[in-house]
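Below, each chain spelled out in residue letters.
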Amino acid sequence: MNNKPRVLFVDDEGDYLETLLKRMQKRAIAASGVRSGAEALAWLSGHEVDVIVLDVRMPGMDGIQVLREIKKVRPLVEVIMLTGHACLEAAREGMEHGAFDYLMKPVDFDELLYKLEDAGQKKKLQEEKIKRLEEVMDSCRIEPS
């Protein structure tokens, strides 16, 4: 069983995005990338993912807006906010809206890998809890006679 999370990177900086994807591929991590919030939301409608690494500052929808929309459609997906700007306000706001954590650009790659693993594990645990709860609820249902 593969314990590595499926990851979506959302960043408007194309070269940075390509570098991240290549580094993930070298580590056999299933990773995809898109360059805007709108693309991320469209991508989510047809793909499964465990963790999203989301740039805070992007043209169009910013990372906070995208985070809110992600949590509406995929509440269990963990989101790591990524910013190239020392903006603690954006990090705080992201955490208030359900972000798992935040990292500063340029990100330490080992730290990113650790956060991805940790976030992926959290999502899997939440899914397991929900599955167990559904099983308990199913066993408690009384069938009409």
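Up top you'll find the structure we're talking about.
These numbers were taken from a predicted model, which means no experiment stands behind them. (Residues numbered from 1 in each chain as written. Predicted model: local features only at pLDDT ≥ 70, side-chain atom pairs only at ≥ 80, totals over all residues. Heavy atoms only, no water.)

S.K.: Got a sec to walk through the packing of aromatic side chains? Specific residues and values, please.
M.R.: Each aromatic ring pair is specified by the distance between its two centres and by the angle formed by the two planes. Applying the stated criterion to the full structure yields zero aromatic pairs. Across from the ring centre of Phe109, 3.9 Å away, lies the NZ or CZ of Arg23, which sits over that ring. The ring of Tyr16 is capped by Lys105, whose NZ or CZ atom sits 4.7 Å from the centre of that ring. (Phe/Tyr/Trp six-rings, centres within 6.5 Å; stacked < 30°, edge-to-face > 60°. Lys NZ or Arg CZ within 6 Å of the ring centre and 35° of its normal.)

S.K.: Provide a residue-level description of the environment of Leu76, including the pertinent values.
M.R.: Position of Leu76 relative to the elements: it lies in the loop between helix H3 (63-73) and strand E4 (78-83). The spatial distance from the C-alpha of Leu76 to the C-alpha of Asp50 is 8.0 Å, given a sequence separation of 26 residues. Ignoring sequence-local partners within four residues, the contact set of Leu76 consists of Lys123, Gln126, Glu127 and Ile130. (Helix = DSSP H or I, 4+ residues; strand = E, 2+ residues; numbered from the N terminus. Contact = heavy atoms within 4.5 Å.)

S.K.: Please give an account of unusual backbone geometry that cites residues and values.
M.R.: The amide bond that connects Lys105 to the next residue, Pro106, takes the cis arrangement and shows omega of -5 degrees. Among the secondary structure elements, Pro106 is positioned in the loop between strand E5 (101-104) and helix H5 (109-140). The backbone phi angle of Ala28 is positive, close to 60 degrees, even though this residue is not glycine. The exposed category is assigned to Ala28, whose relative accessible area is 52%. (Buried < 20%, exposed > 50% of the residue type's maximum accessible area, 1.4 Å probe, protein only.)

S.K.: Summarise the sheet that holds strand E2 (residues 31-34); cite the residues concerned and give the values.
M.R.: Pairing in this open sheet of five strands is parallel, and the strands run E2-E1-E3-E4-E5 from one edge to the other. Of all strands in the sheet, those bounded by a partner on one side alone are E2 and E5. Put simply, the sheet's adjacent strands are angled 20 degrees from each other on average, direction ignored. Lying on the sheet, helix H1 (residues 14-26) is in contact with strand E1 (7-10), E2 and E4; it crosses E2 at an angle near 175 degrees. Contacting strand E3 (51-55) and E4, H3 crosses the sheet at an angle of about 175 degrees to E4. (Pairing = 2+ DSSP bridges. Axes fitted to C-alpha atoms, helices over the stretch in contact; angles between N-to-C directions.)

S.K.: Go over the pairing of E2, please, and point to the residues and values.
M.R.: For E1 and E2, the ladder comprises four bridges, and the chain directions are parallel. Bridging across to E2, Val7 finds its partner in Ala31. Taking the sense of rotation as the criterion, the β-α-β connection linking E1, H1 and E2 turns out right-handed. (Right-handed = clockwise from strand over helix to strand, strands pointing away.)

These values are about where atoms sit, not about what they do.
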